[in-house]
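Architecture and fold: a report
These are the residues of each chain, in order.
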Amino acid sequence: MTDTSLDPALDEWRTYDEFAAGIDTFRLPNVSLAGTALALSLDDGSTLSLRFDSVAVAWTGFEASGTDPYDAVAVRDDVVFVNIPLESREREAITVVFSRTTHRATVIRSRIAAEAVEGTPQVGQDFWAATTDAGEATGEVPGPSRDLIGKRNVYRYSPEHLYEHVYISSQRYAWQCLEGVQRGHGDMDLSTVWKFADGLYLFCFREFRIAVASVWLHDLGYQLMTTGIFLGLNGEGRAEHSRGGGHIYPLGSVAYPDAQPV
């Protein structure tokens, strides 16, 4: 008789730091923003000021200020993905995507709540469209998008990390791990998709089962690469920041014939 029981290892839900280790192997290289200063005007009327040197950024915004390390990637010649894994304010991260040509930007603030609440992701995220002070803003304002609904992609982050995503609605996506320490695991979590520019989509998720959230910039039009970051609680319960990135392999898409998803 064949034993059809699940492998016991599949019942062990991995912690954030276990699955994130090495998930930046195929990430695009970092760039320095030394000498760059940006003043961002957010769509709620607030501002965020950033002044970079080779290793750190002095920032002012969200009724606070600090100097923290940063991580920057040129995802296109004119578009930069910047993450600030805050050390001056524990359990927070600020992520900025900006264009040097359109002077449009998005700002995402990720924060780990003090306590977990059942049915609510412990890491929350807030989103703003913004403009920079480097010139007059042109083109489409970044904002929520339904363009990914129905699409199915595979993401290769390293030789040991392979994941599949199916974008279900404007609020949910489904994932499964095909290779890696989470192999055989999957779930459906909260997600947010914004269109930044043609072929560039900001994809963010917030997990229910573990305290982790992520910010990704998918380039689906130029080079089929994604660049991202994680913020969550590791296996010891401490806040941890990680980088991610890799290749995108589109598998196809479906169109809903009748009732459209939310």
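Residues numbered from 1 in each chain as written. Predicted model: local features only at pLDDT ≥ 70, side-chain atom pairs only at ≥ 80, totals over all residues. Heavy atoms only, no water.

Quick word on the overall build of the protein chain
Scanning the protein chain from terminus to terminus reveals 1 helix and 18 strands. Taking 18 Å as the expected radius of gyration for a compact globule of 262 residues, we find that the protein chain reaches 18 Å, a close match to that expectation. When the backbone C-alpha atoms are referred to their principal axes, the protein chain occupies close to 70 × 45 × 35 Å. Looking at the protein chain residue by residue over its 262 residues, the buried ones come to 50%. Sequence separation of 24 or more characterises 49% of the internal contacts of the protein chain that already satisfy a separation of 6 or more. When the accessible surface of the protein chain is split by element, carbon and sulfur atoms take 49% of a total near 12,400 Å². A gap of 3 Å separates the mean positions of the 21 positive and 36 negative side-chain charges of the protein chain. (Helix = DSSP H or I, 4+ residues; strand = E, 2+ residues; numbered from the N terminus. Rg over C-alpha atoms; globule rule 2.2 N^0.38 Å. Buried < 20%, exposed > 50% of the residue type's maximum accessible area, 1.4 Å probe, protein only. Contact = heavy atoms within 4.5 Å. Areas by Shrake-Rupley, 256 points an atom, 1.4 Å probe, with all protein chains shown as cover. Lys, Arg positive; Asp, Glu negative; His and termini not counted. Charge placed at Lys NZ, Arg CZ, Asp CG, Glu CD.)

Some remarks on the sheet that holds strand β6 (residues 79–85)
With antiparallel pairing, 9 strands are arranged side by side in an open sheet as β4-β3-β2-β1-β9-β8-β7-β6-β5. At either end of the open sheet lies a strand with only one pairing partner, and these are β4 (64–69) and β5 (71–76). When the angles between neighbouring strand axes are averaged without regard to direction, this sheet yields 25°. (Pairing = 2+ DSSP bridges. Axes fitted to C-alpha atoms, helices over the stretch in contact; angles between N-to-C directions.)

Focus on the packing of aromatic side chains
According to the stated counting rule, one finds 18 aromatic pairs in the structure shown. Between the aromatic rings of Y16 and F230, the centroid separation amounts to 6.1 Å while the plane-to-plane angle is 45°, which identifies the pairing as tilted. Linking Y16 in helix α1 (residues 16–20) with F230 in strand β17 (residues 225–233), this pair joins segments that are 214 residues apart in sequence. By the burial criterion, Y16 is buried, and F230 matches it. Sitting above the plane of the F62 ring, R109 keeps its charged end 4.7 Å from the centroid. Cation over ring: R209 sits above W13, and NZ or CZ is 3.8 Å from the ring centre. (Phe/Tyr/Trp six-rings, centres within 6.5 Å; stacked < 30°, edge-to-face > 60°. Lys NZ or Arg CZ within 6 Å of the ring centre and 35° of its normal.)

Here's the deal with unusual backbone geometry
Backbone geometry at R91 places phi at a positive 75°, although glycine is not the residue there. Looking at the element boundaries, R91 is found in the loop between β6 and β7 (92–99). You will see that L224, though not glycine, has its phi angle at about 50°, which is positive. Residue class for L224 comes out partly exposed when judged on its relative accessible area of 32%.

Quick word on the UniProt feature "domain: Molybdenum cofactor biosynthesis protein F N-terminal" (unreviewed entry) in the protein chain
When the UniProt feature table is mapped onto this chain numbering, "domain: Molybdenum cofactor biosynthesis protein F N-terminal" (unreviewed entry) sits at residues 12–113. Spanning residues 12–113, this segment combines 5% helix with 53% strand, and its end C-alpha atoms are found 24 Å apart. (UniProt positions renumbered as here; feature names shortened; annotations may be inferred.)

Re the UniProt feature "domain: MoaF C-terminal" (unreviewed entry) in the protein chain
Taken from the UniProt record, the annotation "domain: MoaF C-terminal" (unreviewed entry) applies to residues 144–252. Along residues 144–252, the helical share is 0% and the strand share 68%, with 22 Å between the first and last C-alpha atoms.

Concerning the nonpolar core
Inside soluble globular proteins, nonpolar side chains tend to come together where they are buried. In this structure, L40, L48, L50, I94 and V107 are the most contacted members of the largest nonpolar core, which totals 24 residues. Of all the elements in the fold, those that place two or more residues in this core are β1 (37–42), β2 (47–52), β3 (56–61), β6, β7, β8 (104–112) and β9 (123–132). Residues contacting L48, with those up to four places away along its chain left out, are L38, A39, L40, L42, T60, G61, F62, I94, V96 and V107. Formed by 22 residues, the second largest nonpolar core is a distinct cluster that contains F19, Y155, Y167 and C177. (Core = buried A, V, L, I, M, F, W, Y, C linked by side-chain atoms within 4.5 Å.)

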